[in-house]
Amino acid sequence: MPAEPTPELLPQAASWLRRRSWAASDRPAQDLLRAKERTGHTVSVVLPALDEEATVGDIVRTIRRELMDRLPLVDELVVVDSGSTDATAAVAAEAGARVEHRDAILPRLPAVPGKGEVLWRSLLVTRGDLVCFIDADLREFDPAFVSGILGPLLTEPDIQLVKAMYDRPLETESGAIVPAGGGRVTELVARPLLNLHWPELAGFVQPLGGEYAARRSLLERLPFPTGYGVELGLLVDALETVGLDALAQVDVGVRHHRHQDGQALGRMAATIYRTALERLDRTHRLKAGADLVRPLLTQFTRSPETREFTAHTLPVTALERPPMHTVPEYATRH
């Protein structure tokens, strides 16, 4: 459980933190199975994957062994390949997942790069009324990442979306481990944005975490930012749609995964910032006129040959997909 909230935390957020934060161990596996049988819920687990052949197989095997064979909690396990150039699809299929390819889902609409694009399209090829998203780059994967965040959705009818919370150690190239050193974009960008503009969400320990579960009836009503802004966008939009008390978080332990370099984090940060600006503007909480936002990010690299710095300017995308329930092809499937 998180430490006792400080007095400065918004009272609404402090109350939420006490009432809507749990540990995975609070709900034993057999209790979850009984709740699933009682409610008749079906569960889909989705792994968005791009060049994750080194890790996706172990994750799939663990989920299938622990949460499908030993404990029939998960009904559908799907890996959505986002254009991998390695053996991600083959490894995932051999491990026991159904593999769907991003470009083959809703082919009339050309796909764009980005995690959010894959998550949005996954709603078209899954059936569960509870949908659980798990990143495909996790190492030392614990099935509690799935069962833990499904727990409140199975046992608490008012809960609509559950985020995982965990420690994120930073593992350096030299092998040194910095406890809680991961999540740099969370601490430098997302957490300040949420505390300043959506203080109700200040109690979320891992607002950008890629492990979360939600009711399909909520997900299909939300727009999906196509890129790195999807986690912040969904969290803020869920707050606006169903309210704070319908959101929750569960402690699942420690998250081990591949860390990105500084420039990749910079691109991620810019996209998340722009996603936040779009929502502030949409709700008239910020006048973000065209002259106030220049959606470009310039970064610098030093040439190994000339030892000079070279500028690289990239667009900061803000493309969003509409709520899935407005897509005709979705209506014919559900």
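Please read all numbers here as calculations on a predicted model, not as lab measurements.

Asker: Outline the overall build of the protein, supporting the account with residue identities and numerical values.
Answerer: Scanning the protein for helices and strands turns up 11 helices and 16 strands. When the 334 residues of the protein are sorted by exposure, 52% land in the buried category. By sequence separation, contacts in the protein at least 24 residues apart represent 72% of the contacts at least 6 residues apart. For the protein, the accessible surface area stands at approximately 15100 Å², while carbon and sulfur atoms represent 54% of it.

Asker: Outline the packing of aromatic side chains, supporting the account with residue identities and numerical values.
Answerer: The geometry of an aromatic ring pair is captured by two quantities: the separation of the ring centres and the angle between the planes. On inspection of all chains with the given rule, the structure shows 4 aromatic pairs. A ring pair is formed by Phe133 and Tyr212, whose centres lie 5.4 Å apart and whose planes are at 70°; its orientation type is edge-to-face. Of this pair, Phe133 sits in strand S5 (residues 130-133) while Tyr212 sits in strand S10 (residues 212-215); the two residues are 79 residues apart in sequence, bridging distant segments of the chain. For Tyr212, a relative accessible area of 2% gives the class buried. Above the plane of the ring of Trp22 lies Arg27, whose end atom (NZ or CZ) is 4.3 Å from the centre.

Asker: Describe the environment of Val60, naming the residues involved and giving the relevant values.
Answerer: Tracing the backbone through its elements, the reader meets Val60 in helix H3 (residues 56-69). When its relative accessible area of 0% is taken as the criterion, Val60 is described as buried. Setting aside chain neighbours within four positions, we find Val60 in contact with Leu47, Leu77, Val79, Ala92, Ala95, Gly96 and Ala97.

Asker: Could you give me a rundown of the sheet that holds strand S3 (residues 76-81), with the residues and numbers involved?
Answerer: Overall, mixed pairing links the 8 strands, which are arranged S1-S12-S7-S10-S5-S2-S3-S4 in an open sheet. Looking at the sheet topology across the chains shown, the edges are occupied by strand S1 (21-23) and strand S4 (98-101). Averaged over neighbouring strand pairs, the angle between their axes works out to 25° when direction is ignored. In this structure, strand S7 (residues 161-167) lies alongside S10, joined through 3 bridges in antiparallel fashion. Counted as the bridge partner of Leu161 is Ala214 from S10. Here helix H5 (residues 115-122) sits on the sheet in contact with strand S2 (43-49), S3, S5 and S10, set at roughly 150° to S2.

Asker: Tell me about the packing of H3 against helix H4 (residues 88-95), residues and numbers included.
Answerer: Running from N to C, H3 and H4 cross one another at 20°; their axes reach a closest spacing of 8 Å. With respect to their mutual orientation, H3 and H4 come out roughly parallel. Crossing hand, H3 versus H4: right-handed. Mapping the contact onto sequence places Val56, Gly57, Val60, Arg61 and Arg64 in H3 and Thr88, Val91, Ala92 and Ala95 in H4. Its residues placed into classes, the contact of H3 with H4 shows 5 nonpolar, 2 polar and 2 charged.

Asker: How would you sum up the environment of Ala49? Please name residues and give values.
Answerer: Mapped onto the elements of the fold, Ala49 is located in strand S2. Counting along the chain gives 39 residues from Ala49 to Thr88, while the straight-line C-alpha distance between them is 7.4 Å.

Asker: How would you explain the nonpolar core if you had to name every residue and give the values?
Answerer: Judged by nonpolar contacts, the single largest core of 49 residues is most densely connected at Val185, Trp198, Leu201, Phe224, Leu232 and Leu247. Per element, the largest residue contribution to this core is 7 residues, and it comes from helix H9 (residues 230-242). Look past the residues within four positions of Val185 in its chain and what remains in contact with it is Ala190, Leu208, Leu265, Met268, Ala269 and Ile272. Formed by 44 residues, the second largest nonpolar core is a distinct cluster that contains Leu67, Ala97, Ile149 and Val162.

Asker: I'd like a description of helix H10 (residues 262-282), backed by residues and values.
Answerer: The first and last C-alpha atoms of H10 sit 30 Å apart over 21 residues, in line with the 30 Å expected at 1.5 Å per residue. Positive phi appears at His284, one or two residues downstream of H10, with a value of about 60°.

Asker: Report on the pairing of S7, specifying residues and quantitative values.
Answerer: Of all 7 residues making up S7, 6 are buried, and the element is well covered by its neighbours. By the bridge criterion, 6 bridges tie S7 to strand S12 (residues 247-254) in an arrangement that is parallel. Across the sheet, residue Lys163 finds its bridge partner in S12, namely Gln249.

Asker: Please set out helix H2 (residues 29-39) residue by residue, giving values where relevant.
Answerer: Turn by turn, an α-helix covers 3.6 residues, leaving residues three or four places apart pointing in a common direction. Those residues of H2 that sit buried are Leu32, Leu33, Ala35 and Lys36. Looking down the long axis of H2, one finds its buried residues gathered within 160° of arc, a one-sided arrangement. Away from the buried face of H2 by more than 90 degrees, exposed residues Glu37 and Arg38 are located. Residues of H2 that are buried sit in contact with S2 and helix H6 (144-155). Trailing H2 by a residue or two, Gly40 shows a phi angle of about 75°, which is positive.

Asker: Lay out the pairing of S3 in plain terms, naming residues and giving numbers.
Answerer: Counted residue by residue, S3 has 6 buried out of 6 residues, so it is predominantly covered. Residues of S3 alternate between two faces, with Glu76, Val78 and Val80 on one and Leu77, Val79 and Asp81 on the opposite face, all of them buried. With 6 bridges joining them, S2 and S3 adopt parallel strand pairing. Residue pairing in the sheet places Ala49 in a bridge with Asp81 of S3. You can see the chain leave S2, run along H3 and come back into S3, and the turn it takes is right-handed. Judged from the 4 bridges that link them, S3 and S4 form a sheet pairing that is parallel. Among the inter-strand pairings, Val78 is bridged to a residue of S4, identified as Arg98. Handedness of the crossover is the feature at issue here: the chain leaves S3, passes through H4, returns alongside S4, and the resulting connection is right-handed.

What counts as what
Residues numbered from 1 in each chain as written. Predicted model: local features only at pLDDT ≥ 70, side-chain atom pairs only at ≥ 80, totals over all residues. Heavy atoms only, no water. Helix = DSSP H or I, 4+ residues; strand = E, 2+ residues; numbered from the N terminus. Buried < 20%, exposed > 50% of the residue type's maximum accessible area, 1.4 Å probe, protein only. Contact = heavy atoms within 4.5 Å. Areas by Shrake-Rupley, 256 points an atom, 1.4 Å probe, with all protein chains shown as cover. Phe/Tyr/Trp six-rings, centres within 6.5 Å; stacked < 30°, edge-to-face > 60°. Lys NZ or Arg CZ within 6 Å of the ring centre and 35° of its normal. Pairing = 2+ DSSP bridges. Axes fitted to C-alpha atoms, helices over the stretch in contact; angles between N-to-C directions. Parallel < 35°, antiparallel > 145°, perpendicular 65-115°, else oblique. Left-handed = near helix turned anticlockwise from the far one by under 90°. Nonpolar A, V, L, I, M, F, W, Y, C, P; charged D, E, K, R; others polar. Core = buried A, V, L, I, M, F, W, Y, C linked by side-chain atoms within 4.5 Å. Expected span 1.5 Å × (residues − 1). Arc of directions from axis to C-beta. Right-handed = clockwise from strand over helix to strand, strands pointing away.

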